[in-house]
Every structure is written in C-alpha cells, then in structure tokens.
Amino acid sequence: MVSIQSPVTGSGYIPAVFFRSRGRHRALAPAQPATPTPAEPTTPPVAKPVAEPVAEPATTLQPPPEADPRFGRLYKTLVRAMWGPERTPEEPAYDPDLARQLATDVRRVRALSEFAARVSTGVSVQRAQAATVSALCERGLSHDARAFLLGMTPDRATDEQRRIGLGQIFFHAGSFELGWQEFDGIDPATLAELAPVEAATCALRTGHDDAATVIAEAVLDAADGPRAADLTAVVGLAGRFLVSGQEKLAGRLVEHAETLVRSESSEADTGLLRNLRRWTHPAPAPQVPSGAIPVGVLDYYQPDFGRSSRNVGDYVQTLAMLGNLVRFRGTRFTGTEGLGELASMLQGRVRPELELPGGDAQVHLLPVSRDFSTGDQLPPDTWALAFGWHLHSTFAVGHGLPYHPHLNPIFLSFHLSSLAALDEATVAYLRDHGPIGCRDHATVDLLLAAGVEAFFSGCLTTTVDAVLPDPPPEEVRRPRIVAAVDLQPWQLRGIKREYEVLTHIGPEHRVAGLDDGVRTAMALLERYQRTYRRVVTSRLHSYLPATSLGIVVGFKPRKAGDARFDGLLGMKPDAPEFVAMRDRIRGLIAEIWPLVLARAPKNEVYARWRTLTEPLVAQARDRLAAPSAEPRPAYDLPAALDRIRAASHSFGPPAAADATEVIMSSDANFARLLPVTIESMLAHASGPVRLWITERGFSAETREEIAALFPDLAITFLGFDHVDYGEITRMLRHISIATMDRLLVAEALPELDRAVYLDVDTVTLDDVAELARTELRGAPLAARIGTQSAFDQWWKAGDSLTAERAADLRRMVAQRHRFDFRTFNAGVLVLDLARLRADRFAEEFVPLAGKWGFNDQDILNYYTGDGYARLDDRWNTYALHERVAGARIVHYAGAGKPWDPGLVPHGDLWREYAERVAVRRQRLRPLAAG
C-alpha cells in the first residue's frame, strides 16, 4: 500500500490523503484501485526478513511548515540546555545556521556520552573508547573522533589503542587501505574485542582474507569470556563473511549470534540476524518443472537489509519488465513465490495491439537478488533481463556484479550508481555480456570509456502501459487534482491547484515479496490513471511511467544534473523522443526473447544481441566523440595578467641565479600562517630560494611584515584580488579561492620554466631544492597519487550543475580519459611551467572553473589525466592519515588544522615552527621600536 504523506505536519505518515482547498487542508479517504491492492502484511513473507532494522535518525532541527509557538519554546530550551543561559538570547529567533550548529553540538554530546555511559556499567576504558570513536564517526564527526582519540592516547604506551581508533576512523571514511595499515600487526584477540567489524572489513577489502578469518575465529573463541563481542558485532561479521564467499564461517557466526539474543536486544540486530539466516541456512533449492525455461526476475532483497529497496518505484520497473515478457501469447508461466500467477494475470491484461504471436514455451520465474545473486540457488542457463540501479554496496564488502555464474543477463535500461565498484572483474563481465543497454547517457559514456560496448536504451518503465488499461474518460476523472509525489515543502508551495501528497518510499516495500511489490506498483499506477490530471514528482519512476500512461508530469528532481537523468529529461506523452525510446526497448525485447524461448544456445543469443544493437552502439560512439556542446566562458587572460603584474610587490635581495623557485598561495585569512610554512621550508633548504606568493587581500603592512621576518629571502607578492574565475561550485569548505591562483602562475611568471608549489598547511622537513629536481619524464607536473577515483569525482561534480552542463562534463571526461585512474593531491607539486604554457593550459583549462564549477585540483587532474609523474609519498605525507616518520613534507590536508582548537595528529610539528616564527617576531620588535 502506498504511504501518504500529510502536508499538515510535513513528516510522518497517516492513512489518508490531503489536498489543498481554499487555503485549508481537507482529508479524503483513499480511492480504491480497480485491481485490489494486497493487504499490507502484518508479518513479512517467510523468505523475507521479519523486521526492519531501525537506524538512529539524524539529529536535525527544521522549522515547521506553519508557525507553531511550541517550536519556539522547544528551540529555546535546546539552545539553553546546550549553550547555557548566558549564551542564549531571551527570545532566540530561528536561524538555520544556528540550528545546524546546535544539531552538531547535540550529535557531539550524544556521541561523547557513550564513553561515560559504558564506563559506568563496568565496561573497560578501551572498549568504551572504541565505542565512542565509532559513535562520533557514525554521526559525521570524524574530526572530533580524532581529537578525542588523541586526548585519550597521549603517549607511546597507548599507541596500540590509538592505531585501533585511527583504523576505525578510516573504516568509517571508506579508506580501507589506510584502515588496514593501522589494524595490521595488532593481536587478533584485541581486534576481536575492540573493533572486529572494522578490522575484518578493512582486511577483506584489501585482500587480506586470511587475516579477516583469524579475527572472526578470535571472536568465536572469546564467545563465553569477558572479552566477548556483542550481538551487533557478531551479526555484522556474519554478513561480511557471507558476502565475501565464506558461507560456513558466516553460518557459525549466525549460530553464535542467536545465542546472544536477549529480550532487550534491538530489533535492528535481531531482524538482520533473521535475514542472514536465509542465506547461511538456505531452504532446499526450488525445482524447475521439467521442460520449463528458468527465467530470473530481479528482486531487491539482499543480506544487508538496510540496503534493500524501500522504493515502490523499483517494483514499477519489474512490472514493466514482466509486461514485455507476457506479450508473447504462446508462453505459459509458472514460478516460485507467486510469480507464475502474477505473470499469467499480467498476460491477460496486455493491450491487444501489443500482443505478439508465438513464444510457445513454458517459463518458470525465479526471484534473483539484484545485489547478491551469487547467494541464490539458480539452475544453469537461467535467463534474465538486467535493468535498473546497480552496484549497491553490501556490508561495504561486495557488490551485485558479476552475477551468479548460472545467470545469463541481457542488459537493458541499466544504470551504474557506484563507479568505484566498477573493478576489473566487473568491467570484464560487462564486456562479455554486452553490448549494455543503458538507461541514461552518463552510463553509456562511462562504459564506452571503460572499453565496454554500450548504447542508450532509455528507461524500461516507459513501456509499463502495456499491461495497464486505458484510463477512464476525462469527464469521469477529477481533473483538478494534482499528485504531488515525494516533493519538498517548498515545492508544494509552488503547486497552484488542489493536490494530494504521496510518497514512493516506505518500510513495507523493503519486506514485500515480488508478487506483492508488483501488485502494489500496479495499483499505484492505476490510481495515477484514474485520479490525477497531472503529476508533479521528484521520482524518476513516477515521472516516466506516468508519462507512459499519457499523464502530463512536472518532473522536479532534487539535482537536475544527477547522472541518472541524462537523456531522460523533458519527456512528454506522445513526444517523438519518448515514443522512440519506448519503441526501441519493446523492439529489442521482441527480437531477442524468442531466441530464449526457443532454447537457442547462449552464444547464438548474444551474437544476435550484438547484431541488433550494433547501430545503437555506433550512435553512442558518435555522440561521445562530438565536440563540447557547452562553450567556454569568456575569459580575458591578458587583462588578468596585466592586473596581476600591476599589483606585484618585491622584497629582499636579488634572487641568486641558482635559486629554487617556490610558489605559495594565500589570502588574508591565512596570511598569519604563511610565515610558519616559509620558516620550515627555509630551515631545510640547501641553497638559495626565491619565493612567489599569489595573494588576495593582503595589506601593505602584511606584505612588509612577512618580508621583514625573512630579510634574506627574495619574495615577490603577486596580487590576484581582481582575478575572477567564475562560479566554482566545487570549492571545498576548508579552502579559499586563493588556491585557484596557482593555475595562472605559468603565464604570470613567463621567466620561469620550473617551480615547486606548496600549500600553506604544510611543514617542510627536507631540502626543497631536491624536490625541485624531481624527474618529470615528460609529464607536465609531479604530484602524489591520491586514493579517489577520478571518474567518480567528475560523476558527482555534475550534481551541482544544470542538466546540460552536467551531461557535457561527463561526456567530455569520458571522451578525454579512459576509465579509470586515481586523482592526485595538488598540495605539493613540481610544475613544468614551460610545458603548461606550450599546452595553453591557462587558455584551454582554467576556464573550466566557470564552465563546470571545477576547483583547482579538478582542473589540474582533468588536464593531466593519468599522465602525471608520481611524487614520492614522503614529499606529501598526510598528517591526519599517516605516520610521519621519514616524511619530507607533512601536509595537514583536509578538515582539522593544527592551528585550530582541538587536537590533530602531529600538530606538534606545526607548533615547533610557529614558535620559531614567534622568536623572529620578538627580534623585530626592538627594531620597529628603534
């Protein structure tokens, strides 16, 4: 049953529908669908988990949609409780920034209270510490977790505890390699007690399966002792070992977890435990009737219950898929979990003009887990249409591809959601089973860049009208009612007509079987047909199926540039592009499926698929190769350079002929920190240095003070105050526009051919002249390789752009670079300035800031791709993530700086050079006084 959201409260669900009438809200009884909707089950199907784990809601404060004096009192009470009466205004007005800060403080207090609560019950300090680090990370407070950890582990005697805590922080950040570096070498029994899930996951994700197994065995060995792991940890481990292919170990962990269940155990843990038993202790495999062709139907259950779909839109896709299979009049259907009866019912609903002759075969339908098909019991040569959103993470260990070896997929309406999971095995699998029909152009471009044949098929839900009757005559409908599906409150205010508020999201969909889910989806679409003249929605699988039914839809996605919508926006009923998409999908299935029903050999089916889609692949390649559709913004480089030179100021002695050229960038906010960076660099330089500082907002006094602190250093300040790069949507919160200015130094300093660039948040511990001599081997720059997928970064970059600019960005990335490579960190660079000028870097690439919202690191990575020289990691050691023994430059990259309140790793290094600068300032004061 579709949950209906109340526009009165803006949250929660009630069994009625509301619409706006003359400024008031009026309740309506839900209309009954033509086809009865199955009753919501009080308990889920046997094959499904019996309860949904309830995640702790995020602590947020939002004003109600209508004024309510109770909110004001609650708000004041919270502020007073958190900050004390002396900081609380008498009548605090609601302020979004204040509310966000208050919410952060509440999360922090709740997480830190874990420590006292656990210690007060007799838990060891070590276990309480580990629990508190996890609680902070789970609430998005990793910097606080790091500061808490450092405060709790101040000396070498607690180094092991610190390593475990850092491993936990890296685990929660998804940095599994860094996490395993911390966990590796620690006694497995200690890890089993303090961080079993985090350590085992990091081991599995980095290929140390044997080490992960040892941790799990240690958990089982300690089952009855004082160091025993709790139910949450044991269940989490069981899921991870199940997904990683160690079913027997997972089964033992499940059996142990069942002995830990108590009356006070959380429903999240017990529900997940029951869900896992489906796979660790499976029922006998279903038997396929003799002579029947096994056909898989993608389902949305999986071991990691919190990742299972709770969106009825997924079942709309399944309805559309089945609607294509049942068009063949001669096909007879059986199946497990009611799928045979469902397909037979749908076969009787096919529009006469869409029926197809032939297909004389018996088909046995089987549910197949989209995200964990390898755990299913499937007979050989099970065919399936593979569609929809793919590569959900399962327990942060596995993904849905490759599929079960017995499954023969035909990919159509396929979308990738996680690029980082597109590993070599998955790419090879897609190549073997291609060409891949993709739901959106973004997925097409990505796969082509990875060497996978792909084409744009569009969305399968455009064909859903095949099994839905024509709507009733317009005079029978209530033409004034608008369906508002999953809209934000501000979007509701823009609807001028009377409307009903619906949602596609609900926990009941997570426990529904395929039969119930598809029937619910069908009832929803029939309601669309019968009740609404128009739909306004943020959901793709409301927008496209409603359009298929002839309903005018206002599609209001939360992010127009989201990759999911590339090629799908602006569709209207009977519009040529919509009709072409629908006909293309139907035509491909109508051509390929008879071969499956005729039991053609697998290689023959795939050969026919390649022939059918060859023209579509060619079209996709031509589209990818086309020039950029988005012109570069107007950018007056000569004028910018003139202003930079006019605002330059030089100090100190003339530069030596053999001086090492160093560039730094800063604005007025970081000017006080710049001397520390300079001090550390000069302390280890083996020869003369000339320093170039691109600056914004510096006063004459600031420039003079820095020059006076280092009187023997040749310094030139380059003024960038008036240089504008356009709108930069990807500027990180902890950096400023000044970091962009490094992009113009090649043109601003035409006399230089090579230079070193250093971020302000660095401490240099070795000779910068040696760094400058790094062999570039023809590359335009040298930098430390990072940990992030380049394509993943650009994929997400489009989210903040218009649909057109986002599509252009992703296509041009796929055109320029082969999938995939890791980005570099631009905090420490060796630059071939002559090469940058020869490549017209400033003219061709700097304008990408205004075109696509790129920051400086984005632009540099787009320019080089994988063609940059790898800098020794010691020249850019991350203070927050790594041990600094042997480091040549320590970089405080990311949030959490040594000059801010709170502890950060290796902050003492920064403070050491800050004290040296303080001594220099002391020496200047007598001179200034004189």
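Asker: What exactly am I supposed to notice about the overall build of the chain here?
Answerer: The number of helices and strands found in the chain is 34 helices and 24 strands. Counting only residues that meet the buried cut, the chain has 56% of its 930 residues in that class. Sequence separation of 24 or more characterises 74% of the internal contacts of the chain that already satisfy a separation of 6 or more. Summed over its atoms, the accessible surface of the chain is roughly 38600 Å², and 51% of this surface lies on carbon and sulfur atoms.

Asker: Is there a simple way to explain the packing of aromatic side chains in this structure?
Answerer: Two measures describe an aromatic ring pair: the distance that separates the ring centres and the angle between the ring planes. Counted under the stated rule, the structure contains 29 aromatic pairs. Members of the aromatic cluster, each reached through a chain of ring pairs, are Phe791, Trp794, Phe819, Phe821, Phe841, Phe845, Trp852, Phe854, Tyr862 and Tyr863. The ring of Tyr301 carries Arg278 above its face, with NZ or CZ at 3.9 Å from the centroid. The ring of Phe305 has Arg510 lying over it, and the distance from NZ or CZ to the ring centre is 5.9 Å.

Asker: How should the sheet that holds strand 24 (residues 889-891) be read in this particular structure?
Answerer: To summarise the sheet geometry, strands pair through backbone hydrogen bonds and adopt either a parallel or an antiparallel arrangement. As summarised here, the arrangement of the three strands in space is 19-24-23, forming an open sheet in which the pairing is mixed. Taken across any chain shown, the strands that pair with only one partner, and hence form the sheet edges, are strand 19 (762-764) and strand 23 (877-878). Looking at chain direction, strand 23 and strand 24 are connected through two bridges and run parallel. Within strand 24, the residue paired with Thr877 across the bridge is Val890.

Asker: Is there a simple way to explain the pairing of strand 18 (residues 754-758) in this structure?
Answerer: With four of its five residues buried, strand 18 lies for the most part within the structure. Bridge count for strand 15 (residues 660-667) against strand 18 is two bridges, and the pairing is parallel. When the bridges of strand 18 are listed, Ile663 appears paired with Tyr757. Inspection of the sheet shows strand 18 paired to strand 21 (residues 822-832) by five bridges, in the antiparallel sense.

Asker: What is the right way to read the sheet that holds strand 10 (residues 482-485) from this model?
Answerer: Reading across the sheet, the four strands line up as 11-10-12-13 and stay open at both edges, with parallel pairing between neighbours. The open sheet has two edge strands with one neighbour each: strand 11 (499-502) and strand 13 (552-555). Recorded for the sheet is a direction-independent mean angle of 20 degrees between the axes of neighbouring strands. Pairing geometry for strand 12 (residues 534-537) and strand 13, over four bridges, is parallel. Residue pairing across strands places Val536 opposite Gly554, the latter belonging to strand 13. Its contacts with the sheet place helix 20 (residues 540-548) against strand 10, strand 12 and strand 13, and it is angled at close to 160 degrees to strand 13.

Asker: Would you explain a positive patch on the surface in this entry?
Answerer: Residues Arg480, Arg497, Arg534, Lys556 and Lys572 make up a contiguous surface patch of positive charge. Its location among the elements puts Arg497 in the loop between helix 17 (489-492) and strand 11.

Asker: What should I look at first to understand the nonpolar core in this one?
Answerer: One recurring pattern in soluble globular proteins is that nonpolar side chains are buried together. With 168 residues, the main nonpolar core has Leu447 and Trp593 as its most contacted residues. Counting residues per element, this core draws most heavily on helix 21 (residues 576-597), which supplies nine residues. Excluding residues that lie within four positions of it along the chain, Trp593 makes contacts with Val295, Leu325, Phe328, Trp383 and Leu385.

Asker: Is there a simple way to explain helix 9 (residues 209-221) in this structure?
Answerer: Between its terminal C-alpha atoms helix 9 stretches 18 Å, which fits the 18 Å expected from 13 residues at 1.5 Å a residue. The elements touched by buried residues of helix 9 are helix 6 (176-183), helix 7 (188-194), helix 8 (196-205), helix 10 (231-243) and helix 11 (247-260).

Asker: I'm lost on the packing of helix 8 against helix 9 in this one. Help?
Answerer: Each packed pair of helices is defined by two parameters, the angle between the axes and the distance between the axes. The geometry of helix 8 relative to helix 9 is characterised by a closest axis approach of 7 Å and an angle of 160 degrees between their N-to-C directions. Looking at the two axes, helix 8 sits roughly antiparallel to helix 9. Two packed elements cross with a definite hand, and for helix 8 against helix 9 that hand is left-handed. In this structure, helix 8 uses Pro196, Ala199, Ala200, Ala203 and Leu204 to contact helix 9, whose residues at the interface are Asp209, Ala211, Ala212, Ile215 and Val219. Looking at the contact of helix 8 with helix 9 residue by residue, the classes come out as nine nonpolar, no polar and one charged.

Asker: So what exactly am I meant to see when it comes to the pattern of salt bridges here?
Answerer: Close approach of charged atoms lets side chains of opposite charge pair. Summed over the entire model, instances satisfying the criterion amount to 48 salt bridges. Between Arg370 and Asp371 there is a salt bridge whose closest N-O contact spans 3.3 Å. Both residues of the pair, Arg370 and Asp371, count as buried. Linking Asp741 and Arg696 is a salt bridge whose minimum nitrogen-to-oxygen distance equals 2.8 Å. In this pair, Asp741 is assigned in the loop between strand 17 (714-719) and helix 26 (745-748) and Arg696 in strand 16 (residues 689-696), connecting sequence segments 45 residues apart. Residue classification places Asp741 among the buried residues on the basis of a relative accessible area of 0%. Residues joined in a network through salt bridges with shared partners are Arg632, Arg840, Glu843 and Glu844.

About the thresholds
Residues numbered from 1 in each chain as written. Predicted model: local features only at pLDDT ≥ 70, side-chain atom pairs only at ≥ 80, totals over all residues. Heavy atoms only, no water. Helix = DSSP H or I, 4+ residues; strand = E, 2+ residues; numbered from the N terminus. Buried < 20%, exposed > 50% of the residue type's maximum accessible area, 1.4 Å probe, protein only. Contact = heavy atoms within 4.5 Å. Areas by Shrake-Rupley, 256 points an atom, 1.4 Å probe, with all protein chains shown as cover. Phe/Tyr/Trp six-rings, centres within 6.5 Å; stacked < 30°, edge-to-face > 60°. Lys NZ or Arg CZ within 6 Å of the ring centre and 35° of its normal. Pairing = 2+ DSSP bridges. Axes fitted to C-alpha atoms, helices over the stretch in contact; angles between N-to-C directions. Patch = residues over 30% accessible without salt bridge, like charges linked within 9 Å, V, L, I, M, F, W, Y side chains within 5 Å. Salt bridge = Lys/Arg side-chain N within 4 Å of Asp/Glu carboxyl O. Lys, Arg positive; Asp, Glu negative; His and termini not counted. Charge placed at Lys NZ, Arg CZ, Asp CG, Glu CD. Core = buried A, V, L, I, M, F, W, Y, C linked by side-chain atoms within 4.5 Å. Expected span 1.5 Å × (residues − 1). Parallel < 35°, antiparallel > 145°, perpendicular 65-115°, else oblique. Left-handed = near helix turned anticlockwise from the far one by under 90°. Nonpolar A, V, L, I, M, F, W, Y, C, P; charged D, E, K, R; others polar.

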